[in-house]
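Now for the letters of each chain:
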Amino acid sequence: MEEGKKSFIVDTNQSTSFPILYPNGGNPLNAQGVYPVPCYLMYEPHMKAMAKKEQFYQALLSRLKKTVGYMKLGIEEIEAVAGRVSEILEAHHTDFLTEEKQLGILMVYDERLPVYLKLSGRSDNPDELWIRESRLEPGKQLYLNGREALNGIIEAKFDEASTLGKEHSAVSTFTNQKTEEVVSIYNKSWLWLSPTWDMPKSIYWGKDEWTKGIKVDKKSYESYLYGTQFLKKIQVPLSNTVLKEMFSPILSVEAKKHMRAGSFEPIFGIPMVLPLLDEEADQYYQKFLRIIRNHQELKDEDLHLELLAGMKQSIVPRSSDHYRLTILYYSGDLSRGSMHIRAVIEDVIPSVAYEVQNILNRLRRRHLGQIQDLFGLEQRPVFRVETLPSLLANAYGPGYVWSMMQAVLHRERLTYRRVVSATAKRLNELANKELQWEMKQELVFYYCFAFFLNRYNERILNERKDVRELMDWKELYEKYRDGVVTLEDLQSIEALGFVSGLLLKQFSNSYYTKTGRDFLKHRVMKFGSKLTPEMIWKYGVLRCEELAEQWDLKIGGNFRKGLSQVLLGFIQADNGNLLTLQKDIFMTAFWSGYLSFKSGKKQEEDDINAGA
């Protein structure tokens, strides 16, 4: 026991559990499926009926008929057991029934069934689960035979599958070997293998001829059943916050703002770590249990699937590249047989996933704060860059989230045009509403993604940087501030847009001091229209000198030196029709310059702080 912590040890003599399967869906008051042992869930109507044997008899009889062990007996013997149990319960119902609502579990102990044992003393065999001491024979101990119960579970599930078809001496689809008996595999668990919403079935098959499709032997079905149950055990839900970031519209800030986190269908993720080389099934299962850990302390060397895949508190300790990670996403209700596989991302190399994780951590822990600081924003976490699914969905849109996740984890090239286009649309929407704080938030995300993309290209694809980051504008910003920017610096449409933003913001500050009006809103932007590069050029930059003389504006000496070069840059860009062809790139860079510009005093303070 660790200091300050208490350890809880289960007393197996007082508390015992066993993996008995019970049906989901349908009417629970009726007998459902096949029961592996005579152990049944009792609901309130069943409990009330125990006081009258005629009422309870039919409910118990229908369950006994579908119980492994009794199914091989004659109907007379089954009816006799149902009658005897009903009589005993009626005679003693006052010992356990109350006026309040009651639920219960009824276990019928029948010595004739191999699933039960009666021993003279207590047993230390872990396969034998103690039930209680016999009331008919004091000193005798009643036990459940664990191995027989497990066999009963498999027998029950195999028998359920046979209702849709059964063949003798046929070839199993899974093993391609002829076996004594095969059954149809089309059931609720089949949906783990098939992404179809409705089970595929030929119109030429009869109701019990599903074995014409896929049929399976008992041993394979047992493995398949355990596999599906294990997948359910390790499944992890995606949080509502992640779902909102993944599936909200990205072209309208207003539409996303009104989306509620709880309005999305739940999605579950399942991580599977698979070896490239064959391993013994038992050894691999034990290794997998050690690999997958939930709700444990995070370590930097682990793969954090909450970060990489949006799966809450799911961890995979980093393994060698002799393994591959597979992530399955699904939605729907398994108990109703309605399951929709959203995506399967296969063959993820652990070292690639770990490198992507390192890039995301650097972005979240360090670079995000630097970008926020350059825009004069408070440093705080941003949901859009907290996980890989959120980052990619906000960059490309909800319709591309699965394909882009697969592209990143498979080391494929990422495109950038859609990201710029979506950012420009959101900035225009916010500019018309004069929401500058929200515009800065959009640019924070834009440059966060630029950082991620560049590091992805450098560290994973071994290619050069693809796009400009906010930090890359520092040299050009300083040149403009010092009045030494030249036409050579403005050869790209992106650089022209950035310096135009700096220029108009500096002019706008002086204009506002003199007139009390926002220059961009008052002179450049037309009511109800989207700001374009041509409007910035003709209604903004071209008017600056005229208005500066008219209002006798006091502007820094660097302004006019930069203005002449920017005017030449616009003429050059217009000749190549770049203002139209690359307007989204221009506008994103323009707002970057406009919203990151600082007055001389503020800039001096930032320089002093940076030097300190």
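Here, every reference points to the structure presented above.
Please read all numbers here as calculations on a predicted model, not as lab measurements.

Calculation rules
Residues numbered from 1 in each chain as written. Predicted model: local features only at pLDDT ≥ 70, side-chain atom pairs only at ≥ 80, totals over all residues. Heavy atoms only, no water. Helix = DSSP H or I, 4+ residues; strand = E, 2+ residues; numbered from the N terminus. Buried < 20%, exposed > 50% of the residue type's maximum accessible area, 1.4 Å probe, protein only. Contact = heavy atoms within 4.5 Å. Pairing = 2+ DSSP bridges. Axes fitted to C-alpha atoms, helices over the stretch in contact; angles between N-to-C directions. Parallel < 35°, antiparallel > 145°, perpendicular 65-115°, else oblique. Nonpolar A, V, L, I, M, F, W, Y, C, P; charged D, E, K, R; others polar. Expected span 1.5 Å × (residues − 1). Bend = angle between axes of the 7 residues up to and from the residue. Salt bridge = Lys/Arg side-chain N within 4 Å of Asp/Glu carboxyl O. Phe/Tyr/Trp six-rings, centres within 6.5 Å; stacked < 30°, edge-to-face > 60°. Lys NZ or Arg CZ within 6 Å of the ring centre and 35° of its normal. 1 Å grid on protein atoms, 1.4 Å probe; cavity = no way out; pocket = protein on both sides within 12 Å on 5 of 7 lines; lining within 4 Å. Points joined across faces, edges and corners; volume = space filled by probe spheres on them. Patch = residues over 30% accessible without salt bridge, like charges linked within 9 Å, V, L, I, M, F, W, Y side chains within 5 Å. Areas by Shrake-Rupley, 256 points an atom, 1.4 Å probe, with all protein chains shown as cover. Lys, Arg positive; Asp, Glu negative; His and termini not counted. Charge placed at Lys NZ, Arg CZ, Asp CG, Glu CD. Core = buried A, V, L, I, M, F, W, Y, C linked by side-chain atoms within 4.5 Å.

Thoughts on the overall build of the protein chain
Item 1. Counting its secondary structure elements, the protein chain contains 22 helices and 15 strands.
Item 2. Counting over 612 residues, the protein chain shows a buried share of 46%.
Item 3. Long-range contacts, defined as pairs at least 24 residues apart, comprise 66% of the intrachain contacts of the protein chain with a sequence gap of at least 6.

Here we look at the sheet that holds strand E7 (residues 178–184)
Item 1. What the three strands build is an open sheet, ordered E6-E7-E8; its pairing is antiparallel. The sheet is open, and its two borders are formed by strand E6 (166–171) and strand E8 (215–217), each paired with just one other strand. Adjacent strand axes in the sheet meet at a mean angle of 45 degrees, parallel and antiparallel pairs treated alike.
Item 2. For E6 and E7, the ladder comprises five bridges, and the chain directions are antiparallel. Counted as the bridge partner of Glu167 is Val182 from E7.

What to know about the environment of Ile371
Item 1. Along the chain, the position of Ile371 falls in helix H10 (residues 350–374).
Item 2. Sequence spacing of Ile371 and Glu469 is 98 residues, and the spatial spacing of their C-alpha atoms is 9.5 Å.
Item 3. Here Ile371 is in contact with Val444, Tyr447, Cys448, Leu470 and Met471, once residues within four sequence places are set aside.

Remarks on the packing of helix H11 (residues 388–396) against helix H13 (residues 417–432)
Item 1. One can describe the packing of H11 onto H13 by two numbers: an axis separation of 7 Å at closest approach and a directional angle of 70 degrees. Regarding the angle of H11 to H13, the classification is roughly perpendicular. Residues Asn394, Ala395 and Tyr396 of H11 lie in contact with H13, whose contacting residues are Arg418, Val419 and Arg426.
Item 2. Partitioning the contact of H11 with H13 into residue classes produces three nonpolar, one polar and two charged.

Here's the deal with H10
Think of an α-helix as 3.6 residues a turn; residues three or four steps apart then line up on the same face.
Item 1. Look at H10: 35 Å from first C-alpha to last across 25 residues, which is about the 36 Å you get at 1.5 Å a residue.
Item 2. At His367, H10 shows its largest kink, close to 45 degrees.
Item 3. Gly376 lies just past H10 and shows a positive phi near 70 degrees.

Quick notes on the sheet that holds strand E3 (residues 116–119)
Item 1. Here we have three strands laid out as an open sheet, ordered E3-E5-E4, and antiparallel in their pairing. The sheet is open, and its two borders are formed by E3 and strand E4 (128–133), each paired with just one other strand. On average, adjacent strands in this sheet sit at an angle of 30 degrees to one another, irrespective of strand direction.
Item 2. One ladder, built from five bridges, connects E4 with strand E5 (residues 141–145); its direction is antiparallel. Along E5, the bridge assignment pairs Glu133 with Gln141.

So, the pattern of salt bridges
Pairs can form between side chains of opposite charge once their charged atoms are near each other.
Item 1. For the structure on display, the rule yields 33 salt bridges.
Item 2. Here Glu265 and Arg342 are joined by a salt bridge, their closest N and O atoms 3.2 Å apart. Of this pair, Glu265 sits in the loop between helix H7 (253–257) and strand E10 (267–275) while Arg342 sits in strand E15 (residues 338–348), and the two are 77 residues apart along the sequence.
Item 3. Arg342 sits in the partly exposed class, given a relative accessible area of 26%.
Item 4. Across the salt bridge formed by Arg364 and Glu386, the nearest N and O atoms sit 3.6 Å from each other. Of this pair, Arg364 sits in helix H10 while Glu386 sits in the loop between H10 and H11, and the two are 22 residues apart along the sequence.
Item 5. Among the charged side chains, a salt-bridge network with shared partners connects Glu254, Lys257, Glu429 and Lys433.

So, the pairing of E7
Item 1. As consecutive antiparallel partners, E6 and E7 are separated by six residues, and within that stretch Asn176 has a phi angle of approximately 60 degrees, a positive value.
Item 2. Pairing of E7 with E8, which is carried by three bridges, proceeds in the antiparallel orientation. If you follow Val182 over to E8, its bridge partner there is Asp217.

Some thoughts on the packing of aromatic side chains
Item 1. Following the criterion strictly, the structure yields 27 aromatic pairs and no others.
Item 2. An angle of 55 degrees between the planes, with centres 6.3 Å apart, marks the rings of Tyr221 and Tyr224 as tilted. Note that Tyr221 and Tyr224 are positioned in helix H5 (residues 218–234) at a spacing of three residues, about one turn of the helix.
Item 3. A residue is classified by how much of its surface remains accessible, and Tyr221, at 4% relative accessible area, is buried.
Item 4. Since its relative accessible area comes to 10%, Tyr224 is described here as buried.
Item 5. Relative to Phe559, the ring of Phe507 has its centre 5.8 Å away and its plane inclined at 25 degrees; by these criteria the two rings are stacked. Residue Phe507 is found in helix H16 (residues 493–515), and its partner Phe559 is found in helix H19 (residues 558–575); the two are separated by 52 residues along the sequence.
Item 6. Through a chain of ring-to-ring contacts, the aromatic side chains of Phe375, Tyr396, Tyr416, Tyr446, Tyr447, Phe449, Phe452 and Tyr456 assemble into a single cluster.
Item 7. Arg122 extends its terminal NZ or CZ atom over the ring of Trp130, reaching a point 3.9 Å from the ring centre.

Overview of empty space enclosed by the protein
Item 1. According to the stated counting rule, one finds one cavity of 30 Å³ or more in the structure shown.
Item 2. Taken as a whole, the largest cavity spans an internal volume of roughly 30 Å³.
Item 3. Taken together, the residues of the lining of the largest cavity break down into five nonpolar, one polar and no charged.

Focus: a positive patch on the surface
Item 1. A contiguous patch of positive charge on the surface is contributed by Arg418, Lys425, Lys530 and Lys583.
Item 2. You can see Lys425 is positioned in helix H13.

With respect to unusual backbone geometry
Item 1. Positioned with a positive phi, Asp552 is a non-glycine residue whose angle comes to about 50 degrees.
Item 2. Turning to its location among the elements, Asp552 is positioned in the loop between helix H18 (533–551) and H19.
Item 3. Of note in this structure, Asn577 is not a glycine but carries a positive phi near 60 degrees.
Item 4. Relative accessible area serves as the criterion here: at 39%, Asn577 is assigned to the partly exposed category.

Examining the nonpolar core
Item 1. Of all hydrophobic cores here, the largest spans 119 residues; its most connected members are Tyr329, Phe449, Phe452, Phe507, Phe590 and Trp591.
Item 2. Ranked by the residues each element gives to this core, the list is headed by helix H14 (residues 436–459), at 13 residues.
Item 3. Setting aside residues up to four positions removed in sequence, Phe507 forms contacts with Phe519, Cys544, Leu547, Ala548, Leu553, Ile555 and Phe559.
Item 4. Residues Met42, Leu106, Val108 and Ala149 belong to the second largest nonpolar core, which totals 28 residues.

Bear in mind that shape data such as this cannot, by itself, settle questions of function.
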